[in-house]
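# Residue-level structural notes
Chain residues, written in single-letter form:
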Amino acid sequence: MKNIILTLVLLLPFSIKAAFVLIPMDETQKNHLKAYGIAYFSLQKDNDVTWLLNYRGGSFSMEEDAEIIKLCKLRGVSYEVISNSQMLGIIDEISDPEINMDAVKLQKAPRIAVYSPKSKRPWDDAVTLVLTYAEIPYDVVYDEEVLNDVLPMYDWLHLHHEDFTGQYGKFWANYRTTTWYKDDVTFQEGLAKRLGYKKVSQLKLAVVKKIRDFVLGGGFMFAMCSATDSFDIALAADGVDICESMFDGDPMQKNAQQSLNYDNCFAFTGFQIETNPSAYRLSDIDITKERASMISEKSDLFVLFDFSAKWDWIPTMLTQCHTKIIKGFYGQTTAFRTNLIKSNVLILGENKSISEARYLHGEYGKGTWSFLGGHDPEDYRHFVGDPKTDLSLYPNSPGYRLILNNILFPAAKKEKHKT
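In short, a report on the structure. Quantities reported herein were computed from a predicted structural model and do not represent experimental measurements.

Let us now look at the overall build of the chain. Each helix and strand in the chain was counted, giving 14 helices and 15 strands. In summary, the chain has a C-alpha radius of gyration of 22 Å against a globular reference of 22 Å for 419 residues, a match within 12%. Judged by the C-alpha coordinates and their principal axes, the chain covers about 70 × 40 × 40 Å. Looking at the chain as shown, the accessible area adds up to about 17700 Å², and 52% of this sits on carbon and sulfur atoms. Taking the average location of the 46 positive side-chain charges in the chain and that of its 54 negative ones, the two points are 1 Å from each other.

Next comes the structure, spelled out in structure tokens:
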């Protein structure tokens, strides 16, 4: 009886509509990335979108609309116009309790902010790159805006590849004589002073706490590369000087490691900070250095977990893809050592052969967060000064789809599963 009632609840919204646009997200889709932009545009028009979890790669459906069809044609997105009875058939199939599928309503276009220096170009960061390519609008905010409490204006926040510990990405050993590194130090120190902080590390900690409170209050946060572990390290080091003199003008606190508070962290626990200022990593959370001898580019893959769409609909949304096997890619922080991940954190994607997790998700207060290791899903080793990735060459990128899953996640109607 309960399944019959659920089926009727799912069918009701479709019973009075004549036709629908189905955007398949399986291998038949010509441009997966721009398809997300179509779904976002529909939400901007106040038209509901149904995310058909695990149906043909996580397809989208919406009421037939001439403007949507025109946009699909212009952007090269594959679509099908289906009848009301066909849509009812899909929903009936999805509602079968024996099938690992579900339908989730997306109801409002999320307000998106990207935490990034204004000087950074869109292709300096995978998220801004794919947002631009998918034609999804976003605002850029940085330290001053965050400290002035703009975050409650937004639903979703991405953290650019920042080093929130105030150590400038540990680039000192290799790049301290370069113009770009000197300019960044000058900019960050000037910004800290202007905002009333003696050290860059103190400014970044204040920013991290504001972001933490944004999530606590119900915000959605997504981070990649060094913004993942450095966020947690900064929280753990609240009140502890973990920076050597070349970063902040005075030595690291002698008992810095013993003074860390892992309870403050979102994702990680028991980690050891990297005390060598010349070492290109922040802590042993990151497995970049060790993995180089354990895996080749050809075999560098990670696998997305399968979740129950009807019960674990949140991780199911975050792992929607046309393949479960994703190509690995390096970053300042590439992957996370699994034995340092808190027990309440969901691992969404991992490479078990080398004990690394690539994609994490968790809750904090009323909000949620996701961490994805690596810099650019279609640039295996992205070095400073490398040219931007041309996403028109990778319109079906599985790695970039994981980013865009997070973009639409805040639009979901969570109450549906209380039926």
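Once that is clear, we can look at unusual backbone geometry. A negative phi angle is the norm for most residues apart from glycine, just as the trans form is the norm for most peptide bonds. The backbone phi angle of Y168 is positive, close to 55 degrees, even though this residue is not glycine. Mapped onto the elements, Y168 comes out in the loop between β8 (156–159) and α7 (172–175). Residue Y168 is classed as buried on the basis of its relative accessible area, which comes to 8%.

In a packed pair of helices, the relevant descriptors are the angle between the two axes and the axis-to-axis distance. Direction vectors running N to C along helix α2 (residues 32–44) and helix α5 (residues 126–134) enclose 70 degrees, while the axes themselves pass 8 Å from each other. Compared by their axis directions, α2 and α5 come out roughly perpendicular. Handedness of the α2/α5 crossing: right-handed. Every residue of α5 that contacts α2 at L33, K34 and G37 is listed here: V130, Y133 and A134.

In total, this model carries 23 aromatic pairs according to the counting rule given. Consider the rings of F268 and F336, whose centres lie 5.3 Å apart with planes at 45 degrees: the pair is tilted. Of this pair, F268 sits in the loop between α11 (245–248) and α12 (288–291) while F336 sits in strand β12 (residues 336–337); the two residues are 68 residues apart in sequence, bridging distant segments of the chain. In terms of burial, F268 and F336 fall into one category: buried. In this structure an aromatic cluster arises from ring pairing among Y115, Y142, F164, F187, F231, F266, F268, F336, Y364, W369 and F371. The ring of Y330 carries the charged tip of R381 above its face, separated from the ring centre by 4.0 Å.

With that out of the way, let us pick up helix α4 (residues 84–95). With twelve residues, α4 ought to run about 16 Å at 1.5 Å a step, and its terminal C-alpha atoms sit 16 Å apart, in line with that. Listing the buried residues of α4 in full gives N84, M87, I90, I91, I94 and S95. One side of α4 holds all its buried residues, which, seen down the axis, span an arc of 135 degrees.

About the cut-offs
Residues numbered from 1 in each chain as written. Predicted model: local features only at pLDDT ≥ 70, side-chain atom pairs only at ≥ 80, totals over all residues. Heavy atoms only, no water. Helix = DSSP H or I, 4+ residues; strand = E, 2+ residues; numbered from the N terminus. Rg over C-alpha atoms; globule rule 2.2 N^0.38 Å. Areas by Shrake-Rupley, 256 points an atom, 1.4 Å probe, with all protein chains shown as cover. Lys, Arg positive; Asp, Glu negative; His and termini not counted. Charge placed at Lys NZ, Arg CZ, Asp CG, Glu CD. Buried < 20%, exposed > 50% of the residue type's maximum accessible area, 1.4 Å probe, protein only. Axes fitted to C-alpha atoms, helices over the stretch in contact; angles between N-to-C directions. Parallel < 35°, antiparallel > 145°, perpendicular 65-115°, else oblique. Left-handed = near helix turned anticlockwise from the far one by under 90°. Contact = heavy atoms within 4.5 Å. Phe/Tyr/Trp six-rings, centres within 6.5 Å; stacked < 30°, edge-to-face > 60°. Lys NZ or Arg CZ within 6 Å of the ring centre and 35° of its normal. Expected span 1.5 Å × (residues − 1). Arc of directions from axis to C-beta.

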